[in-house]
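Descriptive structure summary
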Amino acid sequence: MAISVGDKLPDVTLVKATAEGPQAVKTSEYFAGKKVALFSVPGAFTPTCSAKHLPGFVEKAADLKAKGIDEIVGTAVNDAFVMGAWNKAAGSDDITMLADGNAEFVEALGLTMDASGFGMGKRGQRFSMVINDGVVEQLNVEEPGDFKVSSADHMLGQL
């Protein structure tokens, strides 16, 4: 069963891409005490993710923070090195990348998809959420192939 609005995030380990290298973080600790705009993509450097999803959050970072967002987090089923390189290539210092290399986060959320037909294996669906002190306040899950409700613009309209 997929996570819902009002649910607490599952406690799993993600890996933060930092200048000093990968740093393991527990979701229960990382998302505590702050309001976070999280977006998840099927893969870093993939076409829609790189052309639309990440750039939208980069462009709207100041607007999101003006509406009470403390941090913007991007995640995907990729390793921390790939997530860090993607942020360096197309992101900004306003985005924190958390790698879900083993798909533990999206599995615990109930938001996996099978991308084997594209040679990508198990991945996370495209979605976004607002998390307040570890609790899901908004959840926007895309239909397969769509990019509408998980955008930064859509999230801004919800805040």
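Residues numbered from 1 in each chain as written. Predicted model: local features only at pLDDT ≥ 70, side-chain atom pairs only at ≥ 80, totals over all residues. Heavy atoms only, no water.

**Some thoughts on the overall build of the chain**
Filter applied, for reference: The way it works is that DSSP assigns letters per residue, a run of H or I at least four long becomes a helix, a run of E at least two long becomes a strand, and they are numbered from the N terminus. A 1.4 Å probe rolled over the protein chains alone gives each residue an accessible area, and that area as a share of the maximum for its type sets the label: buried under 20%, exposed over 50%, partly exposed in between. Residue contacts are counted whenever heavy atoms from the two residues lie within 4.5 Å of one another. The Shrake-Rupley method, run with a 1.4 Å probe sphere, supplies the accessible areas, and residue values consider only the shown protein chains as cover.
Scanning the chain for helices and strands turns up six helices and nine strands. Counting the 159 residues in the chain, one finds 45% classified as buried. Taking the contacts inside the chain whose residues are at least 6 apart along the sequence as the reference set, 62% of them involve residues at least 24 apart. Here the chain has roughly 7,400 Å² of accessible surface; of this, 50% comes from carbon and sulfur atoms.

**Here we look at the pairing of strand β1 (residues 13-16)**
Formally: Two strands qualify as a pair provided that DSSP identifies no fewer than 2 bridges between them.
With four bridges connecting them, β1 and strand β2 (residues 23-26) associate as antiparallel partners. In the strand pairing of β2, leucine 14 is matched with valine 25. From the end of β1 to the start of β2, which pair antiparallel, there are six residues, and glycine 21 there has a positive phi angle of about 115°.

**Notes on the packing of aromatic side chains**
Threshold: In this analysis, rings of Phe, Tyr and Trp, with Trp reduced to its six-membered ring, are considered paired at centre separations within 6.5 Å, and the interplanar angle assigns stacked below 30 degrees, edge-to-face beyond 60, and tilted for intermediate values. Either the NZ atom of lysine or the CZ atom of arginine qualifies as a charge over a ring when it sits within 6 Å of the ring centre and within 35 degrees of the ring normal.
Within this structure, the stated rule accounts for two aromatic pairs. Ring centres of tyrosine 30 and phenylalanine 31 lie 5.5 Å apart, and the angle between their planes is 75°; this geometry places the pair in the edge-to-face category. Owing to a relative accessible area of 11%, tyrosine 30 belongs among the buried residues under this scheme. Over the face of the ring belonging to tyrosine 30 we find lysine 34, whose NZ or CZ atom lies 4.0 Å from the ring centre.

**Here we look at the pairing of strand β9 (residues 135-141)**
As a general feature of sheets, a regular strand has side chains that alternate between the two faces. Across six bridges, strand β8 (residues 127-132) lies against β9 in antiparallel orientation. Note on β9: the bridge partner recorded for valine 130 is glutamine 138. Taking the residues that link successive antiparallel strands as the turn, the β8-β9 hairpin has two residues, and the phi of aspartate 133 there is positive, at about 55°.

**Quick look at the pattern of salt bridges**
How we decide: Basic side-chain nitrogens of Lys or Arg form a salt bridge, by our definition, when they fall within 4 Å of a carboxyl oxygen of Asp or Glu.
In total, this model carries seven salt bridges according to the counting rule given. Close ionic contact of lysine 34 with glutamate 71 constitutes a salt bridge, the shortest N to O distance being 2.9 Å. Highlighted residues: lysine 34 in the loop between α1 (27-30) and β3 (35-41) and glutamate 71 in strand β4 (residues 71-76), separated in sequence by 37 residues. With a relative accessible area of 12%, glutamate 71 lands in the buried category. Linked through salt bridges whose partners overlap, the residues forming this network are Glu59, Lys60 and Asp153.

**Some points on the side chain of lysine 60**
Worth spelling out the cut-off: Side-chain atoms alone can form a polar contact between residues adjacent in sequence; in general such a contact is a pair of N or O atoms within 3.5 Å, and within protein one must be able to donate a hydrogen while the other accepts it.
Following the sequence through the fold, lysine 60 ends up in the loop between α2 (47-59) and α3 (61-66). Owing to a relative accessible area of 19%, lysine 60 belongs among the buried residues under this scheme. A polar contact of 3.5 Å, which involves the side chain of lysine 60, links it to the side chain of aspartate 153. Once you skip the residues sitting within four places of it in the chain, lysine 60 turns out to touch Ala152, Asp153 and Leu156.

**Section: the environment of valine 25**
On the secondary structure map, valine 25 appears in strand β2. Here the alpha-carbon distance between valine 25 and valine 12, two residues 13 residues apart in the chain, equals 8.3 Å. In contact with valine 25, not counting residues within four places along its chain, are Val12, Thr13, Leu14, Lys16, Tyr30 and Leu98.

**Re the sheet that holds β3**
Applicable threshold: To obtain an axis, a line is fitted to C-alpha atoms, over the contacting stretch when the element is a helix, and the angle between two such axes runs from 0 to 180 degrees between their N-to-C directions.
Ordered in space as β2-β1-β5-β4-β3-β8-β9, the seven strands form an open sheet in which the pairing is mixed. Two strands in the sheet have a free side with no partner beyond their single neighbour: β2 and β9. The mean angle between the axes of side-by-side strands here comes to 30°, regardless of whether they run parallel or antiparallel. Where β3 meets β4, six bridges bridge the pair, whose relative direction is parallel. Across the sheet, leucine 38 pairs through a bridge with valine 73, a residue of β4. Along the sheet, helix α4 (residues 80-90) makes contact with β1, β3, β4 and β5 (95-99), crossing β5 at roughly 160°.

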